[in-house]
Amino acid sequence: MLGEGFQCWSTTKEMGKHNRLAAIPKAVSWITKFNLQGDYDFFNYSGKQGHLHATGYTYLRHIPSGNIVFIGSVSEHSGYSYYKANFNDHTFSFYKDIVGKSLKKGQELRLKFSVFQGKETSDLTEIWSRYATYYDSQHAFRNPDHLTGWSSWYNFYERVTEADVLASLKAFEQHPYPIDVFQIDDGYQVQIGDWLDVDKNKFPRGMKALADDIIQQGKMPGIWIAPYAVGFNSTIVEEHPDWLLKYPNSNQLLVAGPNWGGFYALDIYNPEAQAYLERVFDEVLDTWGFKLLKLDFLFAAAMVPRLGKSRGEIMWDATDLIVKLTRKRALILGSGVPLPSTWGKFEYNRMSSDASPWWDHTVLKLANVRERVSTLNALTSTLNRWPIGSRMLGGDPDVFFIRSDNNKLSVEEKHTLLIVNIILGQLTLMSDNVNLYNESEHRLYGSIFPKPEAQNIHAIDANISS
């Protein structure tokens, strides 16, 4: 069974009767708050061997014969759909998370699924093309442009400065690799949530000047925003606490995730909060001039059911709101979001957890953190979600690393990550300063251009865990 994870960061892979899915231990959740990134608090993980589940879609593959049965929800607008398999008693069942959903008299709630049969994994490409029709009937998001590029995050992280960005941009001027996108990630803003309050110490000229520099070099400027996340020290918390989600039956602000020491969540149904996001997008797109938006931590919008809506219904509304406010003025790259909530809406979406300049995090793996930052975790999900790419949206398998500095990956691990990204991804980024490459690293990076637009038709079992 394909165990599709709750959101794009969640580990996704084929599993069988000897596997198990367990929740993060309560002690780990209490210390780290990593449970908030997944469905651990509202889906009942049995933790028993042979008890498996998937969200949104799944397939069952009979290994001796190769026969495949694919089941995909076409009613995610009403709530998250789960598929539960018990390999011990050979049962398969459906579960819909409709906690908090209210129906008026005479209303109906219908669960709709598409079921396809195929032979071997080669049929998954055709199955996904047919399934995509339910979400993208006009084929508007099929066969997206293949883009390569640079992101600031996986080299500079939150420490990024204007000088770092300019140095990396200049490196591409000196070594003119034909990349498409140059994206500035987290770290330009003073506080999470205060997106228009740029840190003048780190970015003295402001974001429009940088976007102009990127455009002048013939590249598409991209920028990172977590539209529904609000840092504890944001001015929004002080001036507009009514814009933020609260715990049910409480006046206490809801903590939506562990990052940056914790963050709150914007209430997407608050008209003033919506107006604020509209101002942000108008400034970023029309004034600053960015043409690709990496929108992250989107799950924060749907932490709790409310207003008679289920979590999945709120998540659906949250992605619809992004489409409404951005108005096709930029390409959208989604991240930190349940995949089905984006289908037919975003041009690109992350297909894995964050990759890392190390192979895996043993402690978090043992603690069942399916959303952990890890190159192994990223590769696992990318290799198992491969049929989605180009049929429903453009797949972003996160970054690859070639550099020798600040990198614990072996030569073989770096090469594997690069090859998987280039073949299976439609949006493929890296964060290295190419001026620091040695001759062999330049040769490896140069080998990916022009980027292949592979038509993948078959996958063979492989063990990449060791």
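Residues numbered from 1 in each chain as written. Predicted model: local features only at pLDDT ≥ 70, side-chain atom pairs only at ≥ 80, totals over all residues. Heavy atoms only, no water.

In the nomenclature of an unreviewed UniProt entry, the protein chain is known as alpha-galactosidase of Rhizopus delemar. Per UniProt, the comment on the protein chain under Catalytic activity (unreviewed entry) is "Hydrolysis of terminal, non-reducing alpha-D-galactose residues in alpha-D-galactosides, including galactose oligosaccharides, galactomannans and galactolipids." (UniProt positions renumbered as here; feature names shortened; annotations may be inferred.)

**Section: the packing of aromatic side chains**
In the structure shown here, the tally under the stated rule is 47 aromatic pairs. What links up through ring pairs into an aromatic cluster is the set Tyr57, Phe70, Phe116, Trp128, Tyr131, Tyr135, Trp316 and Trp343. The residue whose ring lies beneath lysine 84 is tyrosine 95, and the NZ or CZ to ring-centre distance is 5.8 Å. Between the NZ or CZ atom of lysine 345 and the centre of the ring of tryptophan 316, over which it lies, the distance is 3.6 Å. (Phe/Tyr/Trp six-rings, centres within 6.5 Å; stacked < 30°, edge-to-face > 60°. Lys NZ or Arg CZ within 6 Å of the ring centre and 35° of its normal.)

**Focus: the packing of helix H7 (residues 271-288) against helix H8 (residues 311-326)**
To describe two helices that pack against each other, one gives the angle between their axes and the distance between the axes. Their axes nearest at 9 Å, the elements H7 and H8 cross at an angle of 50 degrees. In this view, H7 runs oblique relative to H8, as classed from their interaxial angle. Along this stretch, H7 crosses H8, giving a crossing that reads as right-handed. Of the residues in H8, those touching H7 at Gln274, Leu277, Glu278, Phe281 and Leu285 are Leu321, Lys324, Leu325 and Thr326. A class-by-class count of the residues in the contact of H7 with H8 yields five nonpolar, two polar and two charged. (Axes fitted to C-alpha atoms, helices over the stretch in contact; angles between N-to-C directions. Helix = DSSP H or I, 4+ residues; strand = E, 2+ residues; numbered from the N terminus. Parallel < 35°, antiparallel > 145°, perpendicular 65-115°, else oblique. Left-handed = near helix turned anticlockwise from the far one by under 90°. Contact = heavy atoms within 4.5 Å. Nonpolar A, V, L, I, M, F, W, Y, C, P; charged D, E, K, R; others polar.)

**Here we look at the pairing of strand E20 (residues 427-430)**
On E20, burial covers both faces: Leu427 and Leu429 on one face and Thr428 and Met430 on the other are all buried. Of the pairings in the sheet, the one linking strand E9 (residues 147-151) to E20 comprises four bridges and is parallel in character. By the bridge assignment, threonine 148 is partnered in E20 with threonine 428. In the classification by handedness, the crossover that spans strand E19 (residues 399-400), the intervening helix H11 (residues 411-424) and the parallel E20 is right-handed. (Buried < 20%, exposed > 50% of the residue type's maximum accessible area, 1.4 Å probe, protein only. Pairing = 2+ DSSP bridges. Right-handed = clockwise from strand over helix to strand, strands pointing away.)

**Observations regarding the sheet that holds strand E12 (residues 229-231)**
If you trace the three strands from one edge of the open sheet to the other, you get E12-E14-E13, paired in antiparallel fashion. Both edges of this open sheet fall to E12 and strand E13 (255-257), since each of them pairs with a single strand only. For this sheet, the mean inter-axis angle between neighbouring strands, taken without regard to orientation, is 55 degrees. Sheet topology places E13 next to strand E14 (residues 263-265); two bridges connect them, and they run antiparallel. Bridge pairing in E14 places valine 255 opposite tyrosine 264.

**A short note on the pairing of strand E8 (residues 113-119)**
Of the two faces of E8, only one is covered, namely that formed by Ser114, Phe116 and Gly118; the face formed by Phe113, Val115, Gln117 and Lys119 stays uncovered. Across seven bridges, strand E5 (residues 67-73) lies against E8 in antiparallel orientation. Within E8, the residue paired with phenylalanine 70 across the bridge is phenylalanine 116.

**Some details on the side chain of aspartate 354**
Within the secondary structure, aspartate 354 sits in the loop between strand E17 (348-350) and helix H9 (362-366). For aspartate 354, a relative accessible area of 17% gives the class buried. Of note is the side chain of aspartate 354, whose polar atom sits 3.3 Å from the side chain of tyrosine 154. Sequence-distant contacts of aspartate 354, that is, excluding residues within four places in its chain, are made with Trp9, Trp153, Tyr154, Arg372, Val373, Ser374, Ala378 and Asp398. (Polar contact = N/O pair within 3.5 Å; in protein donor to acceptor, adjacent residues only side chain to side chain.)

**Some words on the sheet that holds E17**
With respect to topology, nine strands assemble into an open sheet ordered E18-E17-E16-E15-E11-E10-E9-E20-E19, the strand pairing being parallel. The strands lining the two open edges of the sheet, one partner per strand, are strand E18 (394-396) and E19. The pairing of strand E11 (residues 220-225) with strand E15 (residues 292-295) spans four bridges and is parallel. Looking at E15, one finds that isoleucine 223 is bridged to leucine 293. Contacting strand E10 (181-184) and E11, helix H5 (residues 207-216) runs over the sheet at an angle of about 145 degrees to E11.

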